[in-house]
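An overview of the molecular structure
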Amino acid sequence: MAPVPESESQFSSEVYPPSEAMRARAHLPSMEAYRALYDRSVREPEAFWEEQALTQLDWFHPFSKVREYDFEWGQVQWFLNGRLNACHNCVDRHASQRGTQTALIWESDTPGEGRSVDYRELQREVCRLANVLRHHGIRKGDRVAIYMPMILEAVYAMLACARIGAVHNVVFAGFSAESLRDRINDARCKAVITADEGIRGGKIIPLKRTVDEAVMACPTVKFVFVAQRTGNKIPFYPQRDVWLRPAMDAERPFCPIEHVDAEDTLFLLYTSGSTGKPKGVAHTTAGYLLHAALSHRYVFDYQPGDVYACVADIGWITGHSYVVYGPLCNGATTVLFESVPTFPDAGRYWEMVERLGITQFYTSPTAIRAVAREGDEFVKRHDRSSLRILGSVGEPINPEAWKWYHTQVGEGRCPVVDTWWQTETGGIMISPMPGATPLKPGSATFPFFGVEPVVLDEQGREIEGNGVTGLLAIRNPWPGMARTIQNDHQRFVETYLRPFMGYYITGDGCRRDEDGYYWITGRVDDVINVSGHRMGTAEVESALVTHPGCAEAAVVGFPHDIKGQGIFAYVILNAGWEEGQELIGELKNEVRHHIGPFATPDLILIAPGLPKTRSGKIMRRILRKIASEDYGELGDITTLADPTVVEALIEKRKSIR
Ligand code: WTA
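Every value quoted in this text rests on a predicted model; they were computed, and no experiment measured them.

Here we take up the overall build of the protein. Secondary structure assignment for the protein yields 20 helices and 30 strands. On C-alpha atoms alone, the protein measures out to a radius of gyration of 24 Å, which is about the 26 Å that the 2.2 N^0.38 rule sets for 657 residues. Reported as C-alpha extents along the three principal axes, the dimensions of the protein are approximately 70 × 70 × 55 Å. With 657 residues in all, the protein has 62% of them scored as buried. Restricting to contacts in the protein with at least 6 residues of sequence separation, those with at least 24 account for 72%. As displayed, the protein offers around 23900 Å² of accessible surface, 50% of which is attributable to carbon and sulfur atoms. Here the protein contributes 70 positively and 83 negatively charged side chains, and the mean placements of these two sets differ by 4 Å.

Another aspect to go through is the packing of helix α19 (residues 620-627) against helix α20 (residues 644-655). Put simply, α19 and α20 touch, their axes get as near as 10 Å, and they point 25 degrees apart. Of the possible angle classes, the one that applies to α19 and α20 is roughly parallel. Between α19 and α20 the crossing geometry is right-handed. Seen from α19, the contacting residues are Ile622, Leu623, Ile626 and Ala627; seen from α20, they are Val646, Leu649, Ile650 and Arg653.

Here we take up the packing of aromatic side chains. Overall, the coordinates contain 39 aromatic pairs when judged by the stated rule. Taking 5.1 Å as the distance between ring centres and 80 degrees as the angle between the ring planes, the aromatic pair formed by Tyr298 and Phe449 counts as edge-to-face. Here Tyr298, found in helix α10 (residues 286-299), pairs with Phe449, found in the loop between β20 (416-419) and β21 (452-456); they are 151 residues apart in sequence, far enough to count as distant. For Tyr298, a relative accessible area of 15% puts it in the buried group. Connected via pairs of aromatic rings, a cluster forms that spans Tyr34, Tyr38, Phe48, Trp49, Trp59, Phe63, Trp78, Phe79, Tyr298, Phe448 and Phe449. Between the NZ or CZ atom of Lys440 and the centre of the ring of Tyr517, over which it lies, the distance is 4.3 Å.

The strand order β5-β4-β17-β16-β18-β19-β20 describes an open sheet built from seven strands, whose pairing is mixed. Looking along the sheet, the strands with just one partner apiece sit at the ends: β5 (115-118) and β20. Taking each pair of neighbouring strands and ignoring which way they run, the sheet shows an average axis angle of 20 degrees. Where strand β19 (residues 389-393) and β20 come together, four bridges link them in parallel fashion. In the sheet register, Gly391 faces β20, and the bridge partner there is Val417. Here helix α5 (residues 119-135) sits on the sheet in contact with β4 (102-107) and β5, set at roughly 85 degrees to β5.

Looking now at the site of the ligand. Close contacts around the ligand come from 17 residues, with Asp418, Thr419, Thr423, Asp508 and Arg534 the closest. Asp508 has a polar side-chain atom sitting 2.5 Å from an oxygen atom of the ligand. Here the ligand has 520 Å² of accessible area as a free molecule, and 96% of this is covered by the chains. Across the shell around the ligand, the residue classes break down as six nonpolar, six polar and five charged.

When you line up the elements, Ala370 lands in helix α13 (residues 365-372). The class of Ala370 is buried, set by a relative accessible area of 15%. For the pair Ala370 and Thr342, spaced 28 residues apart in sequence, the C-alpha to C-alpha distance is 8.0 Å.

Another aspect to go through is the pairing of β20. Because side chains alternate across β20, one face comprises the buried residues Val416 and Asp418, and the other comprises Val417 and Thr419, equally buried. Once the chain exits β19 it traverses helix α15 (residues 399-409) before rejoining the sheet at β20, and the crossover so formed is right-handed.

Analysis parameters
- Residues numbered from 1 in each chain as written.
- Predicted model: local features only at pLDDT ≥ 70, side-chain atom pairs only at ≥ 80, totals over all residues.
- Heavy atoms only, no water.
- Helix = DSSP H or I, 4+ residues; strand = E, 2+ residues; numbered from the N terminus.
- Rg over C-alpha atoms; globule rule 2.2 N^0.38 Å.
- Buried < 20%, exposed > 50% of the residue type's maximum accessible area, 1.4 Å probe, protein only.
- Contact = heavy atoms within 4.5 Å.
- Areas by Shrake-Rupley, 256 points an atom, 1.4 Å probe, with all protein chains shown as cover.
- Lys, Arg positive; Asp, Glu negative; His and termini not counted.
- Charge placed at Lys NZ, Arg CZ, Asp CG, Glu CD.
- Axes fitted to C-alpha atoms, helices over the stretch in contact; angles between N-to-C directions.
- Parallel < 35°, antiparallel > 145°, perpendicular 65-115°, else oblique.
- Left-handed = near helix turned anticlockwise from the far one by under 90°.
- Phe/Tyr/Trp six-rings, centres within 6.5 Å; stacked < 30°, edge-to-face > 60°.
- Lys NZ or Arg CZ within 6 Å of the ring centre and 35° of its normal.
- Pairing = 2+ DSSP bridges.
- Near = heavy atom within 4 Å.
- Polar contact = N/O pair within 3.5 Å; in protein donor to acceptor, adjacent residues only side chain to side chain.
- Nonpolar A, V, L, I, M, F, W, Y, C, P; charged D, E, K, R; others polar.
- Right-handed = clockwise from strand over helix to strand, strands pointing away.

Keep in mind that these numbers describe shape and distance, not what the molecule does.
Structural data, given as structure tokens:
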């Protein structure tokens, strides 16, 4: 099956071919060029990846075998016996070759107050921080939690861990103390690196206070390192807490580098699944780094001299792969964005693009929709002529948002790369190549090198040909794929590899259209995607039922104009509790407290009952339809224990918004 269309005449819907100007300078100037490399990457994966590993990465000791894998037991290894260091690849080798080139541009919450560091300074700062960790007993293999705002020290901290072979566990700084505590304990972190406070959109976020609350119940944590962002007074416990700046200043600016194994863990990153508690996805060093770097180079057509900006937070995988590891491994200049898209106004992104001369800009559909609704004048006010490529990630992008991004922001000049991937995939899996791929608004188009997507039916059989819909799965391993789940390899195997033997199961549905283009249709499991933040409905439900008034909760996603999906909660009250605004507020607070503000339900419906089968299983399909105000085809409800509940829920749904 050829996943790539043979001729442009085959395209059905609207197609935007790459411009001549784009082709003229791109790494991949045509579909033929893409197809040639792609075909080689899947036909001769070992030769292809060996070549890439040797040209893209520096090795201290060469690998003896490209890959070894067994999907049945979830044993995947790349570049066996090779030794390298991610920090060396992202920092040291550039410090010696292009030391005065800007590595990081810190874009402060207040426009214009940021600063830049070159590769030499980056190296010195990372080494100082690595020495601080070493002198507090952190060794290779130890886990370190990072709970930081988007400041330079956050990147130094990640790279310092990598330098000494410690495993970082970045927790998004919007998570509650309870979520932070669970992630620290599950990973048995020895230390936490945080800041006094964060500041986003002018609002102060009390990070140290949250860490204090969390680590009260974290027996493994010996030290809390505190960077200063606001300088406001915060609680400080001298026997445990260490001010980062003076500690770094007391260290020398060089630090020995660990030669780690290609398969040593580089980091853990917790993400939500459809059931139970979040899972600590483990990524190893060589394969992950290579995937991040190679995809950054090709998907964003990175060229020396570019000023590349991914505005994701380092608390998510996009920040790991496309703010830090991918661009730095390529020796790029990468922006660290501390603020929000609408601060001080909806023109923030474009003002920054103009001021910094940004060439590639990568954000989420939610952010695009949020600024688009404020009007085109916020875009037009700023010069965007430096932009060459626009990127989108995290959720399906609707064609309206895509077109606005392409036309208004990119003046029709800049290809939009809609990149599909996941925390578990490590890097981009399906995406256009800017100089090659004719774009279709809303389609992630074609696979990245080495990635073999397949469409499966519900029995796990491959659906061949084009114009088909089903479950998106990946055949064969790729270098950046996650290797395990912390403390639970069984769950890793069962979630991703066992549902259908021989495939990695993504949890997303997709359509492969007549031209072989992939269109991601969203999750097929109980994971929802709110503003590009991935969440398990089960997590929100557990938070709700901790409220004494809540007997039972069922959470589903529903379409939301800005956020893509909103959170809709059905709540059954315990006897003696009265429905009312105050109670709704308390329930929402429960979720903010247990998970974090970004998980707050948009709508809560106090339900008289839930649609359950006679065996007690909640029929979520019905709940999703009612939440979406789609009352037409509810399907067969005769199998419900009490079919009248459906009518009652519809009545209630009509009364809330
Ligand atoms: C969704 C984020 C459609 C998808 C990198 C996936 C997308 C989940 C896209 C992973 C896209 C991500 N089009 N859907 N371009 N990118 N998704 O782990 O449902 O936070 O499974 O990784 O986001 O979310 P995660």
